[in-house]
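Notes for the structure review
Single-letter residue listing:
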Amino acid sequence: MGSKGLLNTLRSRNISEVIIDRIVNSILSGELRPGEKLPPEDEFAERLGVGRSSIREAMKILEAMGIVEIRRADGTYIVDEFTEQMMNPLLLGMLMAEKSSEDICEFKLLIQAIAFKEIARCSGFVPFDSCIALLDEIEQGRATDDEQLCSMLSSVELHLAEGIPNPLIRELYKKSVQIAFYLLLQVLQSAPQQTQLSLTTFYRDAIAALESRDEKLLRELLEHERSLLLSGIK
Amino acid sequence: MQYSTLFEDLPKGSLSQIIINRITDALISGELKPGDKIPTETEFSENLGVGRNAVREAIKVLEAFGVLEIRRAKGTYVVEEYNNQLLNPLIYGLILSERSMDELLDLKISLSNSVTYLVLLNATDEEVEQLRNYGEDFRRTMLDAQSTDEQCYKASIAFNVYLSEICHNKLLAELDAIVHKIASFTRHTAIENSRKIGETHLLPDNYMKQVEVIAGRDATAIPAFMEERRAVWEKLLL
């Protein structure tokens, strides 16, 4: 049915949501600054004329939103920089949307391209050795089933992600790996041997290109993987 | 009695946070779909080996997020149609502008690159012409001394919203929209500054260049264009 306006379930706004709105608006208006400490729970409750449990509930929700940080025995602070905690709430719209396999695959490949470019350009430490070790294990047939194989392949990418200094891009990349997990599993289950080999080969080649910072080679490899995967899921 | 490690703070992410992430993961993978009924509090509690309070808290949070809905006497369900309520990307922009501004800009540019690439691949000729119209509209608005900052801002948004629409990838379009909302303050600043320094043509020229790159259907022209865009943004934002 899915009606858009008049007949949608009416959600009752409880006190906690009103408190959250108040805090969010204070941040937007500049009255509350990132990094600032909020009043202690009991004082806050008294000033607003609400119960402590309402404040506590509001804080828990704001914490889940990645907007406040509750430091035990210290107090509650407005966050002032990116934290991993922000990724899920930020992307919720995207995560809940209806996604076709082609869209997921294409999306994953694009974010991967962004991630690889970052890794090639930055000077930090990238755990290439652990990635190679994982690929060795995969090729030695250590994965007991398709799901574990899929996990191991994803792990290679999650390890590579640690080499990305920009935390927004890093967490986005990790999230894209997660989003594409079940798609990858389907691809592996439908054409296992050939897919596994071409995937491990791709990662080995990509790692070599990343280590030598060869962006041109990386672009070619990504183009090749792109056509392989996109035709594979059709 | 002072215990140094025994009572050390548990890793970031209280129990309810972990359950929240677990439910979100199930939504990502499709194990839980819109309209699905989720397990009961007891089922969660028993299967995860956690207390019911943590489960209850997690469900409360996801209900506040607009992800779950409690249907009286029936149970808790994933909403059919997700609607962003409490989660306003603008606020993340403000928080990130404190210490993560460079990183936000890098993300914006990287995404812009990807969107341009996809539009170049996927958009029809008619859609590209329509994009050109939005670009011309933006140029007209920017060059008109009588326009308000708000009018310029709206014209710039119209161009970018249409651009992400014609990349024909719902996921990327959604992500692009989110990042644009987060970084909307940078757009306001760029428009204001370009008017202050009397170079109102900078942004529209760059947008029209983007249309040309797309219309030329040559992906190798994208990197050079992105460098130009970065230069324009850096000029207008720093």
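A word on the overall build of chain B. Looking only at helices and strands, one finds 11 helices and 2 strands in chain B. In chain B, the order of α-helices and β-strands from amino to carboxyl end is α-α-α-β-β-α-α-α-α-α-α-α-α. Taken over the C-alpha trace, chain B has a radius of gyration of 23 Å; the compact-globule value for 238 residues is 18 Å, which it surpasses by more than 25%. With the C-alpha coordinates of chain B rotated into their principal frame, the extents come out at 65 × 50 × 35 Å. Expressed as a percentage of the 238 residues in chain B, the buried residues total 47%. Distance between charge centres in chain B, computed from 26 positive and 37 negative side chains, equals 4 Å.

Secondary structure summary: chain A contains 10 helices and 2 strands in total. Taken from N to C terminus, the helices and strands of chain A fall in the order α-α-α-β-β-α-α-α-α-α-α-α. A compact globule built from 234 residues should have a C-alpha radius of gyration of about 17 Å, whereas chain A, at 23 Å, is more than 25% larger. Projecting the C-alpha coordinates of chain A onto the three principal axes gives extents of approximately 65 × 50 × 35 Å. For chain A, the residues scored as buried account for 49% of the 234 residues in total. Taking as baseline every contact in chain A between residues at least 6 positions apart, the subset at least 24 positions apart corresponds to 67%. Carbon and sulfur atoms provide 50% of the accessible area of chain A, an area that totals close to 11600 Å². Charged side chains of chain A number 26 positive and 37 negative; the gap between the two group centres comes to 4 Å.

Here the focus is the side chain of Gln112 of chain A. Residue and element names in this part refer to chain A. With respect to the helices, strands and loops of the structure, Gln112 is situated in helix H5 (residues 101-121). With relative accessibility at 0%, the residue Gln112 sits in the buried group. Ignoring any residue separated from it by four or fewer positions in sequence, one finds Gln112 in contact with Glu157, Tyr173, Phe202, Tyr203, Leu222 and Glu225.

Below, the discussion takes up the packing of aromatic side chains. Following the criterion strictly, the structure yields 7 aromatic pairs over all chains and no others. Among the aromatic residues, ring-to-ring pairing joins Phe116, Tyr173, Phe202 and Tyr203 of chain A into one connected group.

Attention now moves to the interface of chain B and chain A. Across the boundary between the two partners, chain B contributes 60 residues, which contact 57 residues of chain A. Approximately 5400 Å² of surface area, both sides summed, lies buried where chain B meets chain A, with 65% of it carried by carbon and sulfur atoms. Here chain B and chain A share 5 salt bridges between them. We note a salt bridge from Lys60 of chain A to Glu57 of chain B, for which the minimum N-O separation is 3.7 Å. Across the chain B-chain A interface, the total number found is 13 residue pairs in polar contact (both at pLDDT 80 or more). In terms of residues, the side of chain B that touches chain A owes the most to one element, helix H5 (residues 101-122) of chain B, which gives 12 residues. A per-class count over the side of chain B that touches chain A returns 31 nonpolar, 14 polar and 15 charged.

Attention now moves to the pattern of salt bridges. Side chains bearing opposite charge may pair, as long as their charged atoms lie close to each other. Residue and element names in this part refer to chain A. Using the criterion set out here, one finds 33 salt bridges over all chains in the structure. The partner of Glu106 in a salt bridge is Arg226, and the shortest N-O contact between them spans 3.2 Å. A residue pair is termed long-range when its members are at least 10 positions apart, and Glu106 in helix H5 and Arg226 in helix H10 (residues 215-232) qualify at 120 residues. Both residues of the pair, Glu106 and Arg226, belong to the buried class. Salt bridges sharing partners connect three or more residues here, namely Glu162, Arg170, Glu171 and Lys174.

This part covers the side chain of Asn206 of chain B. Tracing the sequence through the fold places Asn206 of chain B in helix H10 (residues 202-215). Aside from chain neighbours lying at most four places away, what touches Asn206 of chain B is Phe225, Glu228, Arg229 and Val232 of chain B.

Residue and element names in this part refer to chain A. Throughout the structure, instances matching the rule amount to 6 cavities of 30 Å³ or more. Quantified by volume, the largest cavity comes out at close to 180 Å³. Mapped by element, the contributors of at least two residues to the lining of the largest cavity are H5, helix H7 (146-161), helix H8 (167-190), helix H9 (192-211) and H10. Sort the elements by how many residues they give to the lining of the largest cavity and H8 lands first, with 6 residues.

Our next topic: the nonpolar core. Within the largest apolar cluster, 154 residues are counted, with the highest numbers of intra-cluster contacts made by Phe116 of chain A together with Phe65 of chain B. Sorting elements by how many residues they give to this core places H8 of chain A first, with 13 residues. Residues contacting Phe65 of chain B, with those up to four places away along its chain left out, are Ile61, Ala64, Met65, Pro89 and Leu92 of chain A together with Tyr82, Asn83 and Leu87 of chain B.

This part takes up the environment of Tyr207 of chain B. Residue and element names in this part refer to chain B. Relative to the elements of secondary structure, Tyr207 occurs in helix H10. Residue Tyr207 is classed as buried on the basis of its relative accessible area of 6%. Sequence separation of Tyr207 and Glu136 is 71 residues, and the distance between their C-alpha atoms is 9.1 Å.

Here we take up the domain arrangement of chain A. With domains assigned, chain A is organised as domain 1 (15-78) and domain 2 (86-232). For domain 1 of chain A versus domain 2 of chain A, the separation of C-alpha centres amounts to 38 Å.

Rules of the game
Residues numbered from 1 in each chain as written. Chains lettered and ligands numbered in written order. Predicted model: local features only at pLDDT ≥ 70, side-chain atom pairs only at ≥ 80, totals over all residues. Heavy atoms only, no water. Helix = DSSP H or I, 4+ residues; strand = E, 2+ residues; numbered from the N terminus. Rg over C-alpha atoms; globule rule 2.2 N^0.38 Å. Buried < 20%, exposed > 50% of the residue type's maximum accessible area, 1.4 Å probe, protein only. Lys, Arg positive; Asp, Glu negative; His and termini not counted. Charge placed at Lys NZ, Arg CZ, Asp CG, Glu CD. Contact = heavy atoms within 4.5 Å. Areas by Shrake-Rupley, 256 points an atom, 1.4 Å probe, with all protein chains shown as cover. Phe/Tyr/Trp six-rings, centres within 6.5 Å; stacked < 30°, edge-to-face > 60°. Buried area = accessible area lost by both parts, 1.4 Å probe. Salt bridge = Lys/Arg side-chain N within 4 Å of Asp/Glu carboxyl O. Polar contact = N/O pair within 3.5 Å; in protein donor to acceptor, adjacent residues only side chain to side chain. Nonpolar A, V, L, I, M, F, W, Y, C, P; charged D, E, K, R; others polar. 1 Å grid on protein atoms, 1.4 Å probe; cavity = no way out; pocket = protein on both sides within 12 Å on 5 of 7 lines; lining within 4 Å. Points joined across faces, edges and corners; volume = space filled by probe spheres on them. Core = buried A, V, L, I, M, F, W, Y, C linked by side-chain atoms within 4.5 Å. Domains from an automatic or database assignment.

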